Amino acid sequence: MHVLEQFRTLLSTRHKVARNWKSQNKAVVGWTCTYTPEEIIHAADILPVRILGSSGSTRLADAYCPDNMCSFCRSCFDAALKGDYDYLDGYVASNSCDNRGKMYDLWRRHAEISYIYLINTPHTNTERAHAFFYDELVRFKKSLEKAFQTAISDQSLRTAIKVYNENRTLLKKVYDMRREDPPLISGAEALETVLSSMLIPKEEHNKLLNRLLREVSNRNNPPRSGVRLLVSGSIMNDAELLKIVEAAGGSVVADDLCTGSRYFWNLVDSDAKPLHAIARRYLDKVPCPFTYQSEDQFRHVMDMTKRYDVKGAIIFVLKFCDPHLFDAPLLKKELESSGLPVLYLEWEQAMTGIAQLRTRIEAFIEMIRGVD
Amino acid sequence: MSATETRRRLQTTRGFYKNYIKTFYESAHRAKKEDRPVAWVASTFPVEMLQAMDVIPIWPENYASVCAARQVSVRLCEAAEREGFSKDLCSYARCVLGSIFGEKDLPEGGLPKPDFLVASTGACDTHFKWFQVASRRLNRPFFLLDIPYDTTGIELKGYQVEHYAAQLEGLISFLEQQTGSQFDINRLKEVESLSDRTSKLWMEIQDYRKAIPTPMGARDAFSAIFFMLCIPGSEMAIEFYGRLRDELKELVENEIGVIEDERYRLVWDNLPMWFNLNFFDYLNSLGAVIVAETFSHVWAGNLDVSKPLESLARKYLPNFANAVVERRIDLLLRLVKDWSVDGVVLPTNRGCRMMSVGMTVLKDVIHEKLGVPSLILDVDSSDWRNYNEAQVKAEIEAFIEMLSSRG
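This structure is a prediction, so every number in the text was calculated from the model and none was measured.

A. View of the overall build of chain B. A count of helical and extended segments in chain B gives 18 helices and 8 strands. For 407 residues, the compact-globule estimate of 2.2 N^0.38 gives 22 Å, and the C-alpha radius of gyration of chain B, at 21 Å, lies within 12% of that figure. On the principal axes, the C-alpha backbone points of chain B span a range of 65 × 50 × 40 Å. With 407 residues in all, chain B has 54% of them scored as buried. Long-range pairs, those at least 24 residues apart, make up 77% of the contacts in chain B with a sequence separation of at least 6.

B. Representation of the overall build of chain A within the structure. Counting secondary structure elements, chain A contains 16 helices and 8 strands. Relative to its 372 residues, chain A shows a buried fraction of 54%. Considering only contacts in chain A between residues 6 or more positions apart, those separated by 24 or more positions represent 73%.

C. Here's a closer look at the nonpolar core. In terms of nonpolar packing, the biggest core is built from 256 residues, with Leu229 of chain A together with Ala39, Val41, Leu266, Val267 and Val344 of chain B touching the most fellow members. For this core, the two domains that each supply at least three residues are domain 1 (10-148) and domain 2 (155-371) of chain A.

D. Fine view of the sheet that holds strand E5 (residues 264-268) of chain B. All names here are of chain B. Taken in spatial order, the 4 strands line up as E6-E5-E7-E8 in an open sheet, and their pairing is parallel. If you trace the sheet from one side to the other, it starts and ends with strand E6 (288-293) and strand E8 (374-379), each paired once. Neighbour-to-neighbour, the strand axes of this sheet turn through a mean angle of 30°, independent of strand direction.

E. Inspection of the domain arrangement of chain A at higher detail. Residue and element names in this part refer to chain A. Domain boundaries assigned for chain A yield domain 1 (10-148) and domain 2 (155-371). A C-alpha centroid distance of 22 Å is found between domain 1 and domain 2. Each partner contributes residues to the interface: domain 1 has 39 residues there, and domain 2 has 44 residues. Contributing elements (two or more residues each) for the side of domain 1 that touches domain 2: helix H1 (3-12), helix H2 (14-22), helix H3 (38-43), strand E2 (47-50), helix H5 (71-82) and helix H7 (127-147). Top contributing element to the side of domain 1 that touches domain 2 by residue count: H7, with 7 residues. Looking at the side of domain 1 that touches domain 2 residue by residue, the classes come out as 20 nonpolar, 13 polar and 6 charged.

F. Molecular detail of the sheet that holds strand E3 (residues 90-94) of chain A. All names here are of chain A. Read from one edge of the open sheet, 4 strands run E2-E1-E3-E4, paired in parallel fashion. The open sheet has two edge strands with one neighbour each: E2 and strand E4 (115-119). If you compare each strand with its neighbour and ignore which way they point, the axes differ by 25° on average. Bridging between strand E1 (residues 28-31) and E3 involves 3 bridges; their strand directions are parallel. By the bridge assignment, Val29 is partnered in E3 with Gly90. Sitting on the sheet, helix H6 (residues 98-110) is in contact with E3 and E4, with an inclination near 150° to E3. On the sheet, H7 packs against E3 and E4 and is oriented at approximately 175° with respect to E4.

G. A look at the packing of helix H8 (residues 154-176) of chain A against helix H13 (residues 274-284) of chain A. Residues and elements named next belong to chain A. Orientation of H8 relative to H13, taken along the N-to-C sense of each, is 40°, at an axis distance of 9 Å. The angle between the axes of H8 and H13 places the two elements in the oblique class. From H8, Asp154, Leu157, Arg158 and Ile161 reach across to H13, where they touch Pro274, Leu275, Ala277 and Ile278. When the residues that make up the contact of H8 with H13 are grouped by side-chain class, the tally is 6 nonpolar, no polar and 2 charged.

H. The arrangement of the pairing of strand E4 (residues 142-145) of chain B in detail. All names here are of chain B. Of the two faces of E4, the one holding Phe142 and Leu144 and the one holding Phe143 and Leu145 are both buried throughout. Summarising the sheet, strand E3 (residues 116-120) and E4 pair through 4 bridges and their orientation is parallel. Within the sheet, the bridge partner assigned to Ser120 lies in E4 and is Leu145. Following the chain from E3 across helix H7 (residues 125-138) to the adjacent parallel E4, one finds a crossover that is right-handed.

I. Structural context of the interface of chain A and chain B. Contacts between chain A and chain B engage 39 residues on the former and 37 residues on the latter. Breaking the side of chain A that touches chain B down by element, the ones donating at least two residues are H6, H7, helix H15 (322-337) and strand E8 (342-347) of chain A. Among the elements that line the side of chain A that touches chain B, the one with the most residues is H15 of chain A, at 9 residues. For the side of chain A that touches chain B, the per-class residue count stands at 21 nonpolar, 7 polar and 11 charged.

J. Molecular detail of the environment of Asp54 of chain B. Position of Asp54 of chain B relative to the elements: it lies in the loop between helix H3 (48-52) and strand E2 (56-58). Along the sequence, Asp54 of chain B and Val38 of chain B sit 16 residues apart, while their C-alpha atoms lie 9.0 Å from each other.

K. View of H2 of chain A. All names here are of chain A. Where H2 is concerned, the buried positions are Val17, Ala18 and Trp21. The arc that holds the buried residues of H2, viewed along the axis, is 95°, so those residues lie on one side. At its buried positions, H2 is contacted by H1, E1 and E2.

L. View of the confidence of the model for chain B. Summary statistics for chain B give a mean pLDDT of 95 and a share of 99% for residues scoring 70 or more. Per the prediction output, this complex has pTM 0.96; the corresponding ipTM is 0.95.

M. Expanded view of the environment of Trp339 of chain B. Residue and element names in this part refer to chain B. Topologically, Trp339 is positioned in the loop between helix H15 (325-338) and strand E7 (343-349). Considered as a pair, Trp339 and Gln167 are 172 residues apart in the sequence and their alpha carbons are 37 Å apart. In contact with Trp339, other than residues within four places in its own chain, are Arg209, Lys210, Arg265, Val267, Val291 and Ala292.

N. Region of interest: the pairing of E2 of chain A. Residues and elements named next belong to chain A. Here E2 shows two buried faces, one formed by Leu47 and Val49 and the other by Pro48 and Arg50. Bridge analysis of E1 against E2 gives 4 bridges, and the strand direction is parallel. Bridge pairing in E2 places Val28 opposite Leu47. For the crossover from E1 across H3 to E2, the handedness is right-handed.

O. Fine view of unusual backbone geometry. At the junction of Asp181 of chain A and Pro182 of chain A, the peptide bond is cis and its omega measures out at -5° in the coordinates. Checked against the element boundaries, Pro182 of chain A lands in the loop between H8 and helix H9 (187-197). Across the junction of Ile212 of chain B and Pro213 of chain B, the peptide omega takes the value 0°, indicating a cis bond. Positive phi is not limited to glycine here, since Thr44 of chain B has a value of about 75°.

P. Expanded view of the packing of H5 of chain A against H6 of chain A. Residue and element names in this part refer to chain A. At a minimum axis distance of 11 Å, the contact between H5 and H6 shows a crossing angle of 10°. Between H5 and H6, the angle is such that the two are roughly parallel. Crossing handedness for the pair H5 and H6: right-handed. Contact residues: H5 offers Cys73, Phe77, Ala80 and Leu81, while H6 offers Asn99, Arg100, Met103, Leu106, Trp107 and His110. A breakdown of the residues in the contact of H5 with H6 according to their chemical character gives 7 nonpolar, 2 polar and 1 charged.

Q. Up close: H15 of chain B. Taking 1.5 Å as the rise per residue, H15 of chain B with 14 residues should run 20 Å; its terminal C-alpha atoms sit 20 Å apart, in good agreement. Where H15 of chain B is buried, its residues contact H6 of chain A together with E5, E6, E7 and helix H17 (359-370) of chain B. Looking one or two places after H15 of chain B, you find Ser340 of chain B, whose phi comes out positive at around 50°.

Procedures and definitions
- Residues numbered from 1 in each chain as written.
- Chains lettered and ligands numbered in written order.
- Predicted model: local features only at pLDDT ≥ 70, side-chain atom pairs only at ≥ 80, totals over all residues.
- Helix = DSSP H or I, 4+ residues; strand = E, 2+ residues; numbered from the N terminus.
- Rg over C-alpha atoms; globule rule 2.2 N^0.38 Å.
- Buried ≥ 20, exposed ≤ 12 C-beta atoms within 10 Å, placed from the backbone.
- Contact = placed C-beta atoms within 7 Å.
- Core = buried A, V, L, I, M, F, W, Y, C linked by C-beta atoms within 7 Å.
- Domains from an automatic or database assignment.
- Pairing = 2+ DSSP bridges.
- Axes fitted to C-alpha atoms, helices over the stretch in contact; angles between N-to-C directions.
- Nonpolar A, V, L, I, M, F, W, Y, C, P; charged D, E, K, R; others polar.
- Parallel < 35°, antiparallel > 145°, perpendicular 65-115°, else oblique.
- Right-handed = clockwise from strand over helix to strand, strands pointing away.
- Arc of directions from axis to C-beta.
- pLDDT = per-residue confidence, 0-100.
- Left-handed = near helix turned anticlockwise from the far one by under 90°.
- Expected span 1.5 Å × (residues − 1).

Right, dumping it as structure tokens:
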């Protein structure tokens, strides 16, 4: 199996993969926001996995969730109610955005997980916020140590940092394979590569990434050249939307997604004290719009458009995600003022109204082609 | 008897809009002309800090409710939507953003342009992102008080209070820089002392509503809360609440209710439909009266002037928007028990995740613990396009019917 197919398979069989890990008598902890310092969980010899939903029905969650709630959170909660996550030994929540913060209440009440911790996450990255976040991570570490009866040493944190940084560096190399034209891997494949990194031990993922870098040129079905696009947004559980874009003649060569570049772009400083360095990396990373420092995210987007020689951008906002919805009009303007055409779309996890989205995406790509 | 005649009108709140709200906006515009510092401020922000620096606080949320009551909020929401802001965003935010995008004929002459903006993370994502958007558009500085989340909903942790107080020190530097004045802790203590008295009077008013029949319903409460929300540390607030308290005291002593035939005592959670305050008169016509609102209870808080910064943390940090659901459950259970309540109305707000997500938990817990039923209503605070009156009335009538069959 080509390694790219392996990533796709890991995604579709993620619950089986996690259960296999458990069968080695190891614990699994789910996390939900990219501000969760996975290194600390890894250092406790626990497998951190990102909680993901799916595009299927959310019948069970609908009984508890109002219509005006983010469909990603709804879908994750539905997976928990269905028992998909019954193997979890813990769940790490966050108050990073309102939807997530409130999900903490619902998970505590309805999901049967013995250990649940909410990481109190600042919305700024001032020195005061850094001091608070560091202390919060000390509390989180202690709480993990107590719940899982283990000690997390500085040495194991250093090892985790090394493994995670290697993963980030390799993912960046994989992303850079899309600087070529045609890109060596498609946008859908790149997304599946990042998503799979959130689901298996990073050491194993690093091996797969090294293999991908070696084998990519031997593939027998390389992507065709298309209209080079950047995709911005929050979370994508799977590559369905990107597949639609690429089937319409687009080539997603860069992204600004919480399940994409924003997840891995920044490294932890491996020379500093480990827990301090971890805390700093998360608060200073390419930010999510829930933070005060949105301008840093806009800068990241603009850098990506240049690095990947982008001809247009699509902003996909998941409905009812307030932080993204407030920032999107400004991000759109910034992109447009640099001369790029921008398509703004709101979508829902259940992929309702997808035919209409497809039509608009096709028209957008045609329009860029016409200009060129 | 028509719906509007069911309700007995209080003396103190008569002409409230004209006497107080209109005057408030006029004086804010005047202050702006006189070059006194004016700031936009969002709920859950420790406004006493601004008052102590003689900054005029302007509340865009209040302005949105004014625009809704004056039936112009949808026009303003549409103006924001034309600028790319989603229809799914909070209608307060869209309404106020719409008012700065060049719309004409604004109630009370629009909001005075702020010298700076302040908000806290303690209310919701919306407040802070909305203010950030406004600060970029108006090209004015924005200070965000980044406060910790109340993770137990029962007891604040020491480190949370400390961090809040540390953030206030950052705020002091910001305010000094913006106003060019020196912060004076004694001035803050004076303001806090007034604010504390305001809160106490407001809570006395709430306590009188425990009486059967209750002397005041939601319609008056949602007007009168203006001082509690907007200018708590002021003589005007104390004077007004003193008179309101005295009026309620007399009504209670004479066993006069706000409606003649009080049959169902209800709690109202969260915000009203500001564009349709007659809705409460309609409830009255069914023999139902709102005896308590969660909204009337989250803003009051005692301040200990011997610990001026810490007590602001203790007042503002644990509001239920910034806390796990236990905080909101605790308040609702208390209101249901102590105000002798028959049923709870939980109105969602289309653009508000904070209020809407988790309502099923509230409904379940209130029923489990006290056997009291709740009704979740899908409505909106200021955008009547998200409000289906026929459906809402049908649900209310079915709910009242159910309450009556319980006896």
